[in-house]
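Spelled out, the chains give:
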Amino acid sequence: MPTVAKKRTRAEKPVSEATLTLTEPTRKKPRISTESSSSDAQPTTARKSASSKPKNIPATSKTTKVAPSKKSTQESIENAIGYAEHKESLKSGLKDLKEHVRRDRTDGYEEQAEMMTDISAEILKWLPKLWQLMTKVKGPDFKRIQQALVLCTDTVKGMEKCNSRCEYTDLPFNIKITDDDKNVIYKSSECVLDMLAWMWKELLVHAASKNQSIDAMLTLVERRDLAHSVFSLIRKPGSKQKGNEEEFWDAHWSDAMKESASQMCAKRQQK
């Protein structure tokens with residue numbers, strides 16, 4: 001009698017032929033309570049009164065203004081002045097100029113003139129910004145502006161004495177400083193050192209009018225042989241002459257500045 005193959009049932013199919021489908025167990029969504037956790041600590045009566053209030057009222061919050069710290073204010077002034085960047089640039093430029101003169105003084109004067117022009121252009125672009133900072137910033141940092149003017153003055157003095165065949169004082173330069181209303185505060189086509197003398201005068205008078213000590217500033221000016229140039233830009237005490245604007249450039253001065261300038265001159269005459 002022939003052997004009859006036993007018919008396989010569905011459950012007896014090989015695993016390789018079966019399709020296995022894995023399903024995650026159905027999870028119930030958690031109930032989200034509309035009551036805040038802080039209300040759980042309140043009595044039942046308080047909950048009822050809270051639930052009777054209108055819903056969907058946006059929460060209000062107060063924004064507290066935090067005054068800038070003294071450190072952050074100083075950092076912002078430093079960034080505005082940009083002393084570190086200018087110091088690196090000007091000192092590097094002056095060093096390269098002196099090295100060029102040492103290597104090629106005879107024939108390199110044209111290149112040296114270009115180097116002097118580039119260095120001076122950076123200074124003349126910086127001076128209007130320094131003037132704005134000493135006049136507009138609330139509580140200006142006169143010491144940092146003084147530091148910047150020392151750097152500019154020493155750089156110019158270095159170019160004058162670099163021994164190049166190109167005479168630095170023969171190079172033409174122009175500057176114009178204006179206020180926010182585009183009024184011309186100062187302009188000149190003189191040598192850069194004369195422009196710096198005017199800036200020193202402005203710094204001294206502004207600082208003195210704010211009751212700041214200017215003794216250290218005067219010492220720095222005298223050490224750089226600029227005292228005569230600076231004080232020649234200030235009207236003599238008691239003088240009623242209007243003078244040429246190109247001689248003084250002080251039309252923007254306040255009464256306090258004029259008084260401080262007169263006191264500076266009077267004190268100098270007593271020495």
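Since we're looking at a predicted model, the values are computed, not measured. (Residues numbered from 1 in each chain as written. Predicted model: local features only at pLDDT ≥ 70, side-chain atom pairs only at ≥ 80, totals over all residues. Heavy atoms only, no water.)

**A short note on the environment of His 206**
Topologically, His 206 is positioned in helix 6 (residues 192–209). Put simply, His 206 and Met 134 are 72 residues apart on the chain and 7.4 Å apart in space, counted from C-alpha to C-alpha. If we skip the residues at most four places from it in the chain, His 206 touches Trp 131, Met 134, Thr 135, Phe 142 and Met 257. (Helix = DSSP H or I, 4+ residues; strand = E, 2+ residues; numbered from the N terminus. Contact = heavy atoms within 4.5 Å.)

**Quick look at the pattern of salt bridges**
Side-chain pairs of opposite charge can arise where the charged atoms are in close proximity. Per the counting criterion, the structure on display carries 7 salt bridges. Across the pair Arg 103 and Glu 99 runs a salt bridge whose closest N-O atoms are separated by 3.7 Å. Pair noted here: Arg 103 and Glu 99 are both in helix 3 (residues 83–103), with a separation of 4 residues, about one helical turn. By relative accessible area, Arg 103 is classed as exposed at 55%. For Glu 99, a relative accessible area of 31% translates into the label partly exposed. Notably, a salt bridge pairs Arg 224 with Asp 154, separated by 2.8 Å at the nearest N-O pair. Linking Arg 224 in the loop between helix 7 (215–223) and helix 8 (227–231) with Asp 154 in helix 5 (residues 142–160), this pair joins segments that are 70 residues apart in sequence. Here Arg 224 falls in the buried class, since its relative accessible area comes to 16%. Note on Asp 154: relative accessible area 35%, which makes it partly exposed. Salt bridges linked by common partners bring Glu 99, Arg 102 and Arg 103 together as one network. (Salt bridge = Lys/Arg side-chain N within 4 Å of Asp/Glu carboxyl O. Buried < 20%, exposed > 50% of the residue type's maximum accessible area, 1.4 Å probe, protein only.)

**Structural notes on helix 5**
It helps to recall that an α-helix has 3.6 residues per turn; residues three or four apart then point in one direction. Here helix 5 is 19 residues long and its end C-alpha atoms lie 27 Å apart, about the 27 Å a rise of 1.5 Å per residue gives. Burial within helix 5 is extensive, with 14 of its 19 residues counted as buried. (Expected span 1.5 Å × (residues − 1).)

**Topic: the environment of Ala 251**
Its place among the elements puts Ala 251 in the loop between helix 9 (245–248) and helix 10 (255–269). Given a relative accessible area of 64%, Ala 251 falls into the exposed group. As for Ala 251 and Val 184, which are separated by 67 residues in sequence, their C-alpha atoms are 9.8 Å apart.

**Section: the confidence of the model for the chain**
Mean pLDDT for the chain: 79, with 68% of residues reaching 70 or above. Per-residue pLDDT, averaged within each element of the chain, yields its smallest value for helix 1 (residues 44–51) (41) and its largest for helix 3 (98). Between residues 1–54, whose pLDDT stays under 50, and residues either more than four places distant or in other chains, the model counts 7 contacts. (pLDDT = per-residue confidence, 0-100.)

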